[in-house]
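Structural characterization, general
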Amino acid sequence: MTSSHTLSHDWFPAALPSDVTIGERSWLYSSFAFLHSRSRRPGQVAIGHDSGIYNPSFFDLGVEGEVHIGNFCTLVAVTISTNSRVVIGDYSFLAHDVVLADSFAATPAPTGKSAPIVIESNAWIAARAVLLGGAHIGEGSIVGAFAVVDFEVPPYSIVAGNPARVVGEVKRAAHSTSGTPPAL
C-alpha cells in the first residue's frame, strides 16, 4: 500500500506523509508516528510486507533522514531519530523502547549526515537497547537489553553492556537458511 491518506483505524487526525510506503498486510499504529518527521527524501520511510510498527513508535527524521524496514519485522515502541539512513533487515525484532539515533541529542542534527545504522536480517534487539550512528548489527545477532552499540557486530553474535561488547555467539542450526530465525 502506498499511502497519501489516513489509516482507517487511526485516532490521530492527520494523513501519513505522501512518501511513506507500507507493504501488504503490514500494520502501522498511527500517523502520529510521523509527528516530528521533517524528511524531504523521496521514500522517507518504506515498510515491507507483513511487518508491524506498534504503539508508540516514532520516526523523528531530519531533512535527510530515511528508513527502510524489511519484511516480517516487528518494532514495538521504537524511536528512530536520524538525519541519515536506517536499514532494518527482514525478520528482525526490535523490543520495547529501543532507540536508533545517529546524534547525541533527542533530535537529529539539521545539517550534516552521520554514519547509517544497519540491522541485518534475523536480528533481535532487546528492550531499551540504543544503537548509535555507525552501528551495524550482523545477520542473526542479538543485542542485549540496555546495551549501547556504535560499532560493527559480527554475524550471529551476542552483544551486551554499556558500552556493548561481544559476549557470545548464536549457534546456527545445520539446516538453517537465510530467511529463518537462528536457533539459540
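Conventions we followed
Residues numbered from 1 in each chain as written. Predicted model: local features only at pLDDT ≥ 70, side-chain atom pairs only at ≥ 80, totals over all residues. Heavy atoms only, no water. Helix = DSSP H or I, 4+ residues; strand = E, 2+ residues; numbered from the N terminus. Buried < 20%, exposed > 50% of the residue type's maximum accessible area, 1.4 Å probe, protein only. Contact = heavy atoms within 4.5 Å. Pairing = 2+ DSSP bridges. Polar contact = N/O pair within 3.5 Å; in protein donor to acceptor, adjacent residues only side chain to side chain. Phe/Tyr/Trp six-rings, centres within 6.5 Å; stacked < 30°, edge-to-face > 60°.

All right, on to unusual backbone geometry then. Asn-55 connects to Pro-56 through a cis peptide bond whose omega is -10°. Along the chain, Asn-162 connects to Pro-163 via a cis peptide bond; the corresponding omega equals 0°. Locating Pro-163 in the fold gives a position in the loop between strand 20 (157-160) and strand 21 (165-169). With phi around 60°, Tyr-91 is a residue other than glycine that occupies positive phi space. Note on placement: Tyr-91 falls in the loop between strand 10 (85-88) and strand 11 (93-94). The exposure class assigned to Tyr-91 is partly exposed, which follows from its relative accessible area of 30%. Residue Asp-97 is not a glycine yet carries a positive backbone phi of 60°. Among the structural elements, Asp-97 can be located in the loop between strand 11 and strand 12 (99-101).

For the rest of this paragraph, the subject is the side chain of Gln-44. Along the chain, the position of Gln-44 falls in the loop between strand 3 (27-28) and strand 4 (45-47). A relative accessible area of 3% places Gln-44 in the buried class. Other than its neighbours up to four places away in sequence, Gln-44 contacts Pro-17, Asp-19, Val-20, Phe-34, Ser-37, Ser-39, Leu-61, Gly-65, Glu-66 and Val-67.

Right, let's talk about the environment of Phe-32 for a bit. Residue position: Phe-32 is located in the loop between strand 3 and strand 4. For Phe-32, a relative accessible area of 22% puts it in the partly exposed group. Along the sequence, Phe-32 and Ala-15 sit 17 residues apart, while their C-alpha atoms lie 9.1 Å from each other. Those residues in contact with Phe-32, other than ones at most four positions away along the chain, are Trp-11, Phe-12 and Phe-58.

Further remarks concern the sheet that holds strand 11. Pairing is mixed in the open sheet, where 8 strands are placed in the order 3-5-8-11-14-17-20-21. Both edges of this open sheet fall to strand 3 and strand 21, since each of them pairs with a single strand only. When strand 3 meets strand 5 (residues 52-54), the two strands line up parallel, connected through 2 bridges. Considered in strand 5, the bridge of Trp-27 is made with Gly-52.

A separate point is the sheet that holds strand 12. On the basis of which strands lie adjacent, the open sheet formed by 5 strands has the order 6-9-12-15-18 and parallel pairing. Looking along the sheet, the strands with just one partner apiece sit at the ends: strand 6 (58-61) and strand 18 (148-149). Taken together, the 3 bridges between strand 12 and strand 15 (residues 130-132) define a ladder with parallel strand orientation. The residue bridging Val-99 from the neighbouring strand is Val-130, located in strand 15.

This part is about the environment of Arg-38. You can see Arg-38 is positioned in the loop between strand 3 and strand 4. By relative accessible area, which is 36% here, Arg-38 ends up partly exposed. With 26 residues separating them along the chain, Arg-38 and Glu-64 place their C-alpha atoms 8.4 Å apart. Within the structure, the side chain of Arg-38 is placed 2.5 Å from the backbone oxygen of His-36, a separation counted as a polar contact. Engagement of the side chain of Arg-38 in a polar contact is seen with the side chain of Asp-60, the distance being 3.4 Å.

Throughout the structure, instances matching the rule amount to 6 aromatic pairs. Consider the rings of Trp-11 and Phe-12, whose centres lie 5.5 Å apart with planes at 70°: the pair is edge-to-face. We classify Trp-11 as exposed; its relative accessible area is 56%.

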